[in-house]
Amino acid sequence: MEMEKYLMTPAERPWSAPAATVYAASSSTSASSGKTYRLGRIFGRDGRTLILPADHGTMLGRVSGLEDPIELVRTFLPLACDGFLLGPGVIQRTAPWFAARDAPARLLAIDSYWRGEDIGTSVLSISMARAAQLGVDGVKILMPWDVSPTERAARSQFVGLVITAAEEHGLPVMVEPIVLSSPRGEDVVAIEGDGCRMAAELGADIIKVAYPGDPELFSKWCDELGVPVVILGGPAGGNTQDLAELVTEAMDAGAKGITIGRRLWQRPIEEATKLLGELLSIVHRTEENR
Amino acid sequence: MEMEKYLMTPAERPWSAPAATVYAASSSTSASSGKTYRLGRIFGRDGRTLILPADHGTMLGRVSGLEDPIELVRTFLPLACDGFLLGPGVIQRTAPWFAARDAPARLLAIDSYWRGEDIGTSVLSISMARAAQLGVDGVKILMPWDVSPTERAARSQFVGLVITAAEEHGLPVMVEPIVLSSPRGEDVVAIEGDGCRMAAELGADIIKVAYPGDPELFSKWCDELGVPVVILGGPAGGNTQDLAELVTEAMDAGAKGITIGRRLWQRPIEEATKLLGELLSIVHRTEENR
Amino acid sequence: MEMEKYLMTPAERPWSAPAATVYAASSSTSASSGKTYRLGRIFGRDGRTLILPADHGTMLGRVSGLEDPIELVRTFLPLACDGFLLGPGVIQRTAPWFAARDAPARLLAIDSYWRGEDIGTSVLSISMARAAQLGVDGVKILMPWDVSPTERAARSQFVGLVITAAEEHGLPVMVEPIVLSSPRGEDVVAIEGDGCRMAAELGADIIKVAYPGDPELFSKWCDELGVPVVILGGPAGGNTQDLAELVTEAMDAGAKGITIGRRLWQRPIEEATKLLGELLSIVHRTEENR
Amino acid sequence: MEMEKYLMTPAERPWSAPAATVYAASSSTSASSGKTYRLGRIFGRDGRTLILPADHGTMLGRVSGLEDPIELVRTFLPLACDGFLLGPGVIQRTAPWFAARDAPARLLAIDSYWRGEDIGTSVLSISMARAAQLGVDGVKILMPWDVSPTERAARSQFVGLVITAAEEHGLPVMVEPIVLSSPRGEDVVAIEGDGCRMAAELGADIIKVAYPGDPELFSKWCDELGVPVVILGGPAGGNTQDLAELVTEAMDAGAKGITIGRRLWQRPIEEATKLLGELLSIVHRTEENR
Amino acid sequence: MEMEKYLMTPAERPWSAPAATVYAASSSTSASSGKTYRLGRIFGRDGRTLILPADHGTMLGRVSGLEDPIELVRTFLPLACDGFLLGPGVIQRTAPWFAARDAPARLLAIDSYWRGEDIGTSVLSISMARAAQLGVDGVKILMPWDVSPTERAARSQFVGLVITAAEEHGLPVMVEPIVLSSPRGEDVVAIEGDGCRMAAELGADIIKVAYPGDPELFSKWCDELGVPVVILGGPAGGNTQDLAELVTEAMDAGAKGITIGRRLWQRPIEEATKLLGELLSIVHRTEENR
């Protein structure tokens, strides 16, 4: 068998190859077209985003610093962040503030996760149809991965069902693979890396994950996963300098954005405002400025 | 990055800001318009309400003092309370008494909750479609929150499903986060506060909760939750003076109403009548009269 | 055969007989209970009602005197009328004004009728589900009866379908049999009388018809039809004295109310206000005062 | 009867009255909240909008000056218009251009109307579900009103069905009552005025109509209809000065925006660009600048 | 108003612009991804295709030269054409012949059109779900456009419904706007040009149309429509030289392929084979070879 004739130069990765100009216009559907539109609202013209998460109440209750999520939106809305991640009640009630063309994007935390003794349970807080009615630009779900094999089955099914339902409405899905155990253990990076891969295999549109600390490894993740990766902030801690360095390192390694909440809004407002401006300039700085 | 141009005076909270006069008339739906109508029937022109609950039989059976709920409605209907909270059978059978324009509002206790050894179960006693047929002004569900994480998932899902179904009929939903264990324990206030927050995140329209005893904390809850909060009475106990003081304190701290049953109708009728009048005057007293 | 044992004193008509105490509480459904409630809101405690119709725009466009139906509602709402008959857009947008327990009832003009050369067509302007969401107390449809046999079939079917759909939501249906031809001809009374009967046979809950001019005949109609009959006003004309006499005669003959619009709101507001007060006192006067 | 007690100062129109602060946050639904958001994207912070229509191909085929609607979008997108009105194919294919937070709003021309000899027919070009997937901010339908009564029934039904379907997705509906006959005849203003009223009664969220030429009459329409009115441009004709004056007069009389296509894009691009700038400044000029 | 800041260099047409590499991988859905795959099977790596249609029996019955469509498939399958256009029965029965990776693509003629005296009727011959089960690469429908306005409404609706159904299965739709009257008349080009535009506005993925004879006009169509255009052959006639020149002209002007049946398979097989080879070389010749 002559193998030579099969040896071709591998094509570029599909989405970075020059678009097939003939039928590209035909290969969309209403739903994929809507997804393109909504992802563009989340990631903007430079493909980068700073999302401010304030959805913690959907699982943690009356979190310190986020006792009043509507007030938090009110405080941070005039700043230049690219989007908010919020629970359904807050999105429903703050709609008038986002009712303008220059408003930030909105991602809906559509699920609630509860860890029982044996197994955790994920539920939808609101139906996908209602999420679409609200006009959000995407939905976000948690994917705890430091769990038993039985629960991994349940989590995989949940992620798959949410992605399926979201496709029917043209809504992108952000999946957050996470180790919830405390302390997080030595194998946390490996577990979260596996979770990212599982999320990508299931069809997640955006992956949110803790920065693994290792720029080389993280860079590989960003390349391999094939969808934009944004990093989370985690519990408050460290100083603003640490955070700025972490974000710089992550963005340089390939992150497409950040969703940092507690480490931002658990600070005094003046400090938070200054920090937000600094993070925005890191996230959106151009190649030339690096 | 020029942060200055983004630093604006934060807007007022959406629902207290002057309505956008241009398109406000267009931003309603049949369902939201119906919700506006029904909430107005519950809270009246001054935005305050005294609801008399007599739905206890849907979970507790033949409660002392409420052996005959139809008779209780008959007794209290001529008094000036703003609404009743009743089970489906009682609402169905007492309809002729409420068939007039000046009748009190009716909230339907649409669920029944049963605590098993491991996990509790909430069920709908009647479908949302039947609730809508009955012409009630809203539905009410219990949200026990001193439960395992697994049950919290189930409760969150139940609350979300009821709110979704109610939206399709334009019916407001009152959610009652509650600690059912006895004794209620030291952390009862924190648990109920988290439950209130969860209910608000899920989109509850009205929150019913025990007064936490601390006016400062309760005032924060009322501000943060963004929807009207009404307090419950709990088991009979204390004298009328205590109750009047509790209601005064709660209303002053931001409550929009009360739903007090056993502590009212487990008294002799003359005493209950007098107490009801007193509570009504507390609930509806104007700013000037305070 | 012994016929004697069948010769009994005829019972009273069912709805005027003392309630069958055994199963009355059980013979209701959620829907029938809701209908009882809503009819009570329309007819009030004395079983009489003055409905102000301002729905003409749903067929006649920008009617003189009703160019601005929302303004008309605003003007007449503070007066003491028992209800309004309005189109869907107006009901949706004026909901905040009716959001209180002492507000007038609202009937929704749910259809639109257009007379073609050969046959007329009735269409629903809004679905019954949306009518129920809005929280209206009933729906109203037109039943033109000076039509061909083919159209009578279509009209009967439409009335039947609307009544069927309304039952599923517990909504009473007001049917208006009418001769639309102009001039109305000599047989107008016979045709409208037949139309009333047809509406009653089909299950209409309320019949709205022009006063036939003959109190004896009208009295028979009211007795025979077995459901409340309200009279309409028709085009403006005559003086207020004529109208008051017509209403007095109709109410004395058995009418349960009036729905008079153009003859009321096409007058100057002061005159209309005074006339409304006069009509209200006629409609609601007690037996003793007659 | 004591009328005095009912004589109150009429309330302000619901949407200009101060929002009822107590329960306003509760009276929304997911759908109404989404409508608020989408209307805000269309009308912006000043409640005014300049929509560029390029949907003519969905009925007129290969229109002169609009042979290539995608190219037209490409040309005009960099200018500062507030929105585009486009057919489904064009919206699906141009999604990447609108995929950013500062992009213009998009309204979808969801229907196609064809006038037969006896009766015209309206059809949906794309389902409402697909419109929602695409992420458009609203849908627009034509409502020809110079038609037979039989067709008026069909048009009313079509408008009602589209509004019902759109509500389920939180999408606002722009209805365009229009006289399509040529010449348009003497009664064109009266017919279009009746059509506007009918659209408002049926629940249209935005009304698009030809400027009737009479500022006093148009001002009344804008007040009466209770929803924002935008004017259309009609066939090309007249010079830019005429158009600027027409727009000025219409905006001063109460219009909330303009949707002018052929009179804009059938000009040379430099002229069109200059005219667009002029129209934008007229539409958005503030009270002080008038 | 400063227009300068809005004056940007217009972007490239979305599908020829460099893909936004960040989120392109995320903006697909299962259905759009399937459409990409299927379109690639139809158009191949050079974006051009020669489809052999043999579906005529679905409307014309026992066509001369196509009495036995299965035999025709058997005859032409070994030749190097890119695809077949076949009716459902033939596709179902010839599946084994196409059961290999190097087999031609298959488009399913999913409809049947019948012209009555007043109005024509399009019906689906097979459901879209069955088309998907068959594993075809696309479906094709006829869109007669030399029809009354009433029928244009019906055709538009049919095209819209088929496109909607096909999207749900990830199937591309080829629409064929056509003048069926004979003789075809002077305005045939204008009518078919309008039909192409209507098909594109409705979201057709591929347009099949008769070559209008004018390369300049046809080139504009190909640019404007934004989706691949393939030309049809029409009834047999002319010699092979004429046909080759027509195809050359069309491909040079922008066509992406041809679907020529009768003019091919109504010839003797040797002649047809030779002609097919010639047409394939015209369709697939590279830029350099032109």
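Overview of the structure. The model shown is predicted, which means the values in this text are computed figures rather than measured ones. (Residues numbered from 1 in each chain as written. Chains lettered and ligands numbered in written order. Predicted model: local features only at pLDDT ≥ 70, side-chain atom pairs only at ≥ 80, totals over all residues. Heavy atoms only, no water.)

Re the overall build of chain A
Along the backbone of chain A there are twelve helices and ten strands. The buried share among the 290 residues of chain A stands at 62%. Taking as baseline every contact in chain A between residues at least 6 positions apart, the subset at least 24 positions apart corresponds to 68%. Put simply, chain A shows about 10,800 Å² of open surface, and 52% of that area lies on carbon and sulfur atoms. (Helix = DSSP H or I, 4+ residues; strand = E, 2+ residues; numbered from the N terminus. Buried < 20%, exposed > 50% of the residue type's maximum accessible area, 1.4 Å probe, protein only. Contact = heavy atoms within 4.5 Å. Areas by Shrake-Rupley, 256 points an atom, 1.4 Å probe, with all protein chains shown as cover.)

Quick notes on the relation of the copies chain A and chain B
Note that the two copies of the chain are related through a rotation about an axis and a translation along the same axis. Laying chain A over chain B is done by rotating through 69° and shifting 1.1 Å along the axis; what remains is an RMSD of 0.1 Å. Those values place the two copies in the arrangement expected of a five-fold rotation axis. Taking the C-alpha atom as reference, chain A places Asp 118 of chain A closest to the rotation axis, 11 Å from it. (Least-squares fit on C-alpha atoms with pLDDT ≥ 70 in both.)

So, a negative patch on the surface
All names here are of chain A. Negative charge collects at one region of the surface, where Asp 214, Glu 216, Asp 242, Glu 245 and Glu 249 lie side by side. Sort the elements by how many residues they give to the negative patch and helix α10 (residues 240-253) lands first, with three residues. With respect to the element layout, Glu 245 can be found in helix α10. (Patch = residues over 30% accessible without salt bridge, like charges linked within 9 Å, V, L, I, M, F, W, Y side chains within 5 Å. Salt bridge = Lys/Arg side-chain N within 4 Å of Asp/Glu carboxyl O. Lys, Arg positive; Asp, Glu negative; His and termini not counted. Charge placed at Lys NZ, Arg CZ, Asp CG, Glu CD.)

Brief notes about the nonpolar core
With 83 residues, the main nonpolar core has Phe 76 and Phe 218 of chain D as its most contacted residues. Formed by 77 residues, the second largest nonpolar core is a distinct cluster that contains Leu 66, Leu 86, Leu 202 and Cys 222 of chain B. (Core = buried A, V, L, I, M, F, W, Y, C linked by side-chain atoms within 4.5 Å.)

Observations concerning the sheet that holds strand β10 (residues 257-259) of chain D
Residues and elements named next belong to chain D. Spatially, the eight strands close up into a barrel ordered β1-β2-β3-β6-β7-β8-β9-β10, and their pairing is parallel. For this sheet, the mean angle separating the axes of adjacent strands, direction not counted, is 25°. Relative to β10, strand β1 (residues 49-53) is paired through three bridges, and the arrangement is parallel. Looking at β10, one finds that Leu 50 is bridged to Ile 258. The strands that helix α12 (residues 269-284) touches are β1 and β10; relative to β1, the one it contacts most, it runs at about 145°. (Pairing = 2+ DSSP bridges. Axes fitted to C-alpha atoms, helices over the stretch in contact; angles between N-to-C directions.)

Brief notes about unusual backbone geometry
Cis geometry is adopted by the peptide bond preceding Pro 183 of chain D, which originates at Ser 182 of chain D and carries an omega value of 0°. Relative to the helices and strands, Pro 183 of chain D resides in the loop between β7 (173-178) and α8 (188-202).

A look at the sheet that holds strand β8 (residues 206-210) of chain B
Strand order in this closed barrel of eight strands is β1-β2-β3-β6-β7-β8-β9-β10 (chain B), and the pairing throughout is parallel. The average angle at which neighbouring strand axes cross in this sheet is 25°, direction not considered.

As for the relation of the copies chain C and chain B
Superposing chain C onto chain B requires a rotation of 179° together with a translation of 0.0 Å along the rotation axis, leaving an RMSD of 0.1 Å. Such values leave the two copies arranged in the relation of a two-fold axis. Among all C-alpha atoms of chain C, that of Asp 102 of chain C lies closest to the rotation axis, at 2.6 Å. Both copies share a contact surface, since 100% of the interface residues of chain C are interface residues in chain B too.

What about the interface of chain C and chain B?
Residue-level contacts link 41 residues of chain C with 41 residues of chain B. Of the roughly 3,200 Å² buried at the junction of chain C and chain B (both faces included), carbon and sulfur atoms supply 44%. Looking at the side of chain C facing chain B, the largest losses of area belong to Tyr 37, Arg 101 and Gln 133 of chain C, adding up to 27% of the total buried there. Counting the contacts that link chain C with chain B gives four salt bridges. For Arg 101 of chain B, the salt bridge identified is with Asp 82 of chain C, shortest N-O distance 2.7 Å. Taken together, chain C and chain B are joined by 21 residue pairs in polar contact (both at pLDDT 80 or more). Elements represented by at least two residues in the side of chain C that touches chain B include exactly α1 (30-43), α4 (88-93), α5 (95-98), β3 (105-109) and α6 (128-134) of chain C. Its residues assigned to classes, the side of chain C that touches chain B comprises 17 nonpolar, 13 polar and eleven charged. (Buried area = accessible area lost by both parts, 1.4 Å probe. Polar contact = N/O pair within 3.5 Å; in protein donor to acceptor, adjacent residues only side chain to side chain. Nonpolar A, V, L, I, M, F, W, Y, C, P; charged D, E, K, R; others polar.)

Considerations on the packing of aromatic side chains
For the structure on display, the rule yields 18 aromatic pairs over all chains. For the pair Tyr 211 of chain C and Phe 218 of chain C, a centre-to-centre distance of 5.1 Å together with 75° between the ring planes defines the contact as edge-to-face. Given a relative accessible area of 0%, Phe 218 of chain C falls into the buried group. Each member of the aromatic cluster is reached from another via a ring pair, and the members are Tyr 211, Phe 218 and Trp 221 of chain A. When the ring centre of Tyr 37 of chain D is taken as reference, the NZ or CZ atom of Arg 106 of chain A above it lies at 4.1 Å. (Phe/Tyr/Trp six-rings, centres within 6.5 Å; stacked < 30°, edge-to-face > 60°. Lys NZ or Arg CZ within 6 Å of the ring centre and 35° of its normal.)

Quick word on helix α10 (residues 240-253) of chain D
Residue and element names in this part refer to chain D. Spanning 14 residues, α10 covers 20 Å between terminal C-alpha atoms, matching the ideal 20 Å at 1.5 Å per step. Of all the residues in α10, the buried ones are Leu 243, Ala 244, Val 247, Ala 250, Met 251 and Ala 253. Close packing links the buried residues of α10 with α9 (215-225), β9 (229-232), β10, α11 (262-265) and α12. The backbone nitrogen of Gln 241 lies 3.2 Å from a side-chain oxygen of the residue at the head of α10, namely Asn 239. Downstream of α10 by a residue or two, Gly 254 has a phi angle that is positive, lying close to 130°. (Expected span 1.5 Å × (residues − 1).)

Overview of the interface of chain A and chain B
Each partner contributes to the interface: chain A provides 42 residues, whereas chain B provides 40 residues. Taken together, the two surfaces of chain A and chain B that pack against each other cover about 3,300 Å², and 57% of this comes from carbon and sulfur. On the chain A side of the contact with chain B, Arg 62, Arg 93 and Trp 114 of chain A bury the most area, a combined 23% of that side's loss. Run the count over chain A and chain B and you get two salt bridges. A salt bridge links Glu 167 of chain B to Arg 130 of chain A; the nearest nitrogen and oxygen atoms lie 3.1 Å apart. Taken together, chain A and chain B are joined by nine residue pairs in polar contact (both at pLDDT 80 or more). Elements with a minimum of two residues in the side of chain A that touches chain B: α2 (57-60), α3 (69-76), α4 (88-93), α5 (95-98), β4 (111-115), β5 (120-124), α6 (128-134) and α12 (269-284) of chain A. Looking at the side of chain A that touches chain B element by element, the count peaks at five residues for α4 of chain A.

Focus on the environment of Pro 215 of chain D
Mapped onto the elements of the fold, Pro 215 of chain D is located in helix α9. What Pro 215 of chain D contacts, discounting residues up to four positions off in sequence, is Glu 249 and Ala 253 of chain D.

Some thoughts on the side chain of Lys 140 of chain E
Residue and element names in this part refer to chain E. Within the secondary structure, Lys 140 sits in strand β6 (residues 138-144). Owing to a relative accessible area of 3%, Lys 140 belongs among the buried residues under this scheme. Only 2.7 Å separates the side chain of Lys 140 from the side chain of Glu 176, close enough to count as a polar contact.

A short note on the packing of helix α7 (residues 149-167) of chain A against helix α8 (residues 188-202) of chain A
All names here are of chain A. In contact at an axis separation of 10 Å, α7 and α8 are set at 40° when each is read in the N-to-C sense. Classed by the angle they form, the pair α7 and α8 counts as oblique. Classified by chirality, the crossing of α8 by α7 is right-handed. The residues of α8 that touch α7, namely those facing Arg 152, Ser 156, Val 159 and Ile 163, are Ile 191, Met 198 and Leu 202. (Parallel < 35°, antiparallel > 145°, perpendicular 65-115°, else oblique. Left-handed = near helix turned anticlockwise from the far one by under 90°.)

A closer look at the pairing of strand β2 (residues 83-86) of chain C
Residues and elements named next belong to chain C. Residues Gly 83 and Leu 85 point to one face of β2 and Phe 84 and Leu 86 to the other, with burial holding for every one of them. With three bridges connecting them, strand β1 (residues 49-53) and β2 associate as parallel partners. Within the sheet, the bridge partner assigned to Ile 51 lies in β2 and is Gly 83.

Considering the pattern of salt bridges
Under the defined criterion, the tally for this structure stands at 69 salt bridges over all chains. A salt bridge links Arg 285 of chain D to Asp 252 of chain D; its shortest N-O distance comes to 3.3 Å. With a gap of 33 residues between them, Arg 285 of chain D in the segment after α12 and Asp 252 of chain D in helix α10 connect regions that are remote in the sequence. Its relative accessible area of 42% is what places Asp 252 of chain D among the partly exposed residues. Several salt bridges converge on common partners, so that one network encompasses Lys 140, Glu 176 and Lys 208 of chain A.

Section: the packing of helix α9 (residues 240-253) of chain E against helix α11 (residues 269-284) of chain E
All names here are of chain E. With their axes 10 Å apart at the nearest point, α9 and α11 run at an angle of 20° to one another. The angle between α9 and α11 places the two elements in the roughly parallel class. Both α9 and α11 take part in a crossing whose hand is right-handed. In this structure, α9 contributes Thr 240, Leu 243, Ala 244, Val 247, Thr 248 and Met 251 to the contact, and α11 contributes Glu 271, Leu 275, Glu 278, Leu 279, Ile 282 and Val 283. The residue makeup of the contact of α9 with α11, split by class, is eight nonpolar, two polar and two charged.

So far we have only geometry, and geometry alone does not tell us how the molecule works.
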